[in-house]
There are 2 protein chains.
Amino acid sequence: MLTPDIYTQIRESLSAHGLKVTPQRVAIYGDVLQSIEHPTAEQVFANISTTHPGISLGTVYKTLDSLSEKGLIKKVKTGAGIQRFDARHENHHHLFCQKTQKIIDYTDPELEQLIASYFQKKKIQNFEVSGFELNINGEQIKTQPNN
Amino acid sequence: MLTPDIYTQIRESLSAHGLKVTPQRVAIYGDVLQSIEHPTAEQVFANISTTHPGISLGTVYKTLDSLSEKGLIKKVKTGAGIQRFDARHENHHHLFCQKTQKIIDYTDPELEQLIASYFQKKKIQNFEVSGFELNINGEQIKTQPNN
DNA sequence: GTGTCTGCAAAGAATTTGCAAATCA
DNA sequence: TGATTTGCAAATTCTTTGCAGACAC
């Protein structure tokens, strides 16, 4: 659950990016922000339908689009034909679990630094690098539960 | 243009993966192999329609699916809701041009080595890494033409 | 007030599915 | 011959669009 104070930040952020502050937008942005699931439009819609019964799926699509246009959220690069969204701003990477199809955030300043410094010294011909994300493929493994 | 000998390899490869060798499959796999564009199903369909006038788009979808199931090709992770395919086997990464939406292959053994050795020493909790791809975002820049 | 945003429903893409006929092994 | 694969068309799924009324500023 998000604290009220975060909703204040959401409102300010929308406003600062020239987007009118509507309950729908606050709810949608808030949901993506708090979600660790990298939700699809449908999932966001399902999540906020409980608190915003009247909301329409079209609005969710439009809003996710506006938010990603303004850079408040990002479209996650997946190999499937469905779009998923991510609201984290810091550089981070994604673990793709091939078994469960889950996408898990992965952050490590060391990795960040490692790749960034690679690009600093290595210039790619005819291409100006503005950022990067690492897709890490593999499988989630269960730790032995202590029964 | 692919040499006839590569078509032989395609046939053997299909066969070795338990897929029956049909003209359609050979054409589709061949097209993805030779394409540097990371084509969509529609693009493959358009490309091979000239040489295989009767082919159906549904077949292209089914075949791309079979091929990627067998690991002969891969679905490229993009941020858009359209699937694109890649037939390269060696580890390689992708440059995403934000201006033209083009996807360009990028290979560098040094980068490969850099990240691989990172994962060797750094274990991620509850996750077994089987591979990785780096998405490099930025813009293609024109080299000054010598006018 | 005025321009933007929402909800709805319809349209449009992209992809999948079912099945009879054709094809490969 | 028998199992797979194809082509076709219909069905689904995902996403976008247009527009009238509602809302934010």
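Use the structure listed above.
Residues numbered from 1 in each chain as written. Chains lettered and ligands numbered in written order. Predicted model: local features only at pLDDT ≥ 70, side-chain atom pairs only at ≥ 80, totals over all residues. Heavy atoms only, no water.

### Quick look at the sheet that holds strand β5 (residues 127-140) of chain A
Right, on to step 1. Ordered by their spatial adjacency, 6 strands build an open sheet running β4(A)-β3(A)-β5(A)-β5(B)-β3(B)-β4(B), and the pairing between neighbours is mixed. The open sheet is flanked by β4 (103-106) of chain A together with β4 (103-106) of chain B, the only strands paired with a single partner. Between one strand and the next, the sheet's axes are offset by a mean angle of 30°, whatever the strand orientation.
Right, on to step 2. As paired elements, strand β3 (residues 93-97) of chain A and β5(A) share 4 bridges and run parallel to each other. Residue A:F96 lies in a different strand from β5(A), and its bridge partner there is A:N137.
Right, on to step 3. Where helix α5 (residues 109-121) of chain A meets the sheet, its contacts fall on β3, β4 and β5 of chain A together with β4 and β5 (127-140) of chain B, and the angle it forms with β5(A) comes to roughly 140°.
Right, on to step 4. Here helix α5 (residues 109-121) of chain B sits on the sheet in contact with β4 and β5 of chain A together with β3 (93-97), β4 and β5 of chain B, set at roughly 140° to β5(B). (Pairing = 2+ DSSP bridges. Helix = DSSP H or I, 4+ residues; strand = E, 2+ residues; numbered from the N terminus. Axes fitted to C-alpha atoms, helices over the stretch in contact; angles between N-to-C directions. Contact = heavy atoms within 4.5 Å.)

### Some remarks on the interface of chain B and chain A
Right, on to step 1. Each partner contributes to the interface: chain B provides 40 residues, whereas chain A provides 40 residues.
Right, on to step 2. Surface buried jointly by chain B and chain A totals about 3,700 Å² across both partners, of which 57% is contributed by carbon and sulfur atoms.
Right, on to step 3. Counting the surface chain B buries against chain A, the share from its top three residues, B:K77, B:Y118 and B:F127, is 18%.
Right, on to step 4. Counting across the chain B and chain A interface gives 6 salt bridges.
Right, on to step 5. At the surface where chain B touches chain A, the tally comes to 26 residue pairs in polar contact (both at pLDDT 80 or more).
Right, on to step 6. Taken together, the elements giving at least two residues each to the side of chain B that touches chain A come down to β1 (74-76), β3, α5 and β5 of chain B. (Buried area = accessible area lost by both parts, 1.4 Å probe. Salt bridge = Lys/Arg side-chain N within 4 Å of Asp/Glu carboxyl O. Polar contact = N/O pair within 3.5 Å; in protein donor to acceptor, adjacent residues only side chain to side chain.)

### A word on the protein's contact with DNA strand C
Right, on to step 1. Not every one of the 19 residues close to DNA strand C is listed here, only the nearest: A:T22, A:Q24, A:R25, A:K62 and B:Y61.
Right, on to step 2. In DNA strand C, atoms within 4 Å of the protein come 71% from sugar and phosphate.
Right, on to step 3. With respect to DNA strand C, the side chain of A:K20 contributes an N or O atom lying 3.3 Å from a sugar or linking oxygen.
Right, on to step 4. Between A:T59 and DNA strand C, the recorded distance is 2.8 Å, taken from a side-chain N or O atom to a phosphate oxygen.
Right, on to step 5. Looking at the surface near DNA strand C, the elements with two or more residues in it are α2 (23-34) and α4 (57-69) of chain A together with α4 (57-69) of chain B.
Right, on to step 6. Looking at which element gives the most residues to the surface near DNA strand C, the answer is α4(A), with 3 residues.
Right, on to step 7. In terms of residue class, the surface near DNA strand C is built from 5 nonpolar, 9 polar and 5 charged. (Near = heavy atom within 4 Å. Nonpolar A, V, L, I, M, F, W, Y, C, P; charged D, E, K, R; others polar.)

### Some details on α5(A)
Residues and elements named next belong to chain A.
Right, on to step 1. Taking 1.5 Å per residue as the helical rise, α5 with its 13 residues ought to reach 18 Å, and the 18 Å between its terminal C-alpha atoms agrees with that figure.
Right, on to step 2. Of all the positions in α5, only L111, E112, I115, Y118 and F119 are classed as buried. Mapping the buried residues of α5 onto a view down its axis gives an arc of 135°, with all of them on the same face. With respect to the buried face of α5, the exposed residues turned more than 90 degrees away are P109, Q113, Q120 and K121. (Expected span 1.5 Å × (residues − 1). Buried < 20%, exposed > 50% of the residue type's maximum accessible area, 1.4 Å probe, protein only. Arc of directions from axis to C-beta.)

### Section: unusual backbone geometry
Right, on to step 1. A positive phi angle, near 55°, is found at A:H38, a position not held by glycine.
Right, on to step 2. Secondary-structure assignment places A:H38 in the loop between α2 and α3 (41-49).
Right, on to step 3. Look at A:H38 and you get buried, because its relative accessible area is 2%.
Right, on to step 4. In the Ramachandran plot, B:Q101 falls in the positive-phi region, its phi being about 65° despite a non-glycine side chain.
Right, on to step 5. Counting through the fold element by element, B:Q101 comes out in the loop between β3 and β4.

### A word on the protein's contact with DNA strand D
Right, on to step 1. Residues in close proximity to DNA strand D total 18 residues, the closest being A:Y61, A:K62, B:Q24, B:R25 and B:K62.
Right, on to step 2. Backbone atoms, meaning sugar and phosphate, make up 70% of the atoms of DNA strand D lying within 4 Å of the protein.
Right, on to step 3. For DNA strand D, a phosphate oxygen lies 3.0 Å from a polar atom in the backbone of A:V21.
Right, on to step 4. Interatomic distance of 2.8 Å between a side-chain N/O atom of B:T22 and a phosphate oxygen of DNA strand D.
Right, on to step 5. Only α4 of chain A together with α2 (23-34) and α4 of chain B provide two or more residues apiece to the surface near DNA strand D.
Right, on to step 6. The element that contributes the greatest number of residues to the surface near DNA strand D is α4(B), accounting for 3 residues.
Right, on to step 7. Looking at the surface near DNA strand D residue by residue, the classes come out as 6 nonpolar, 7 polar and 5 charged.

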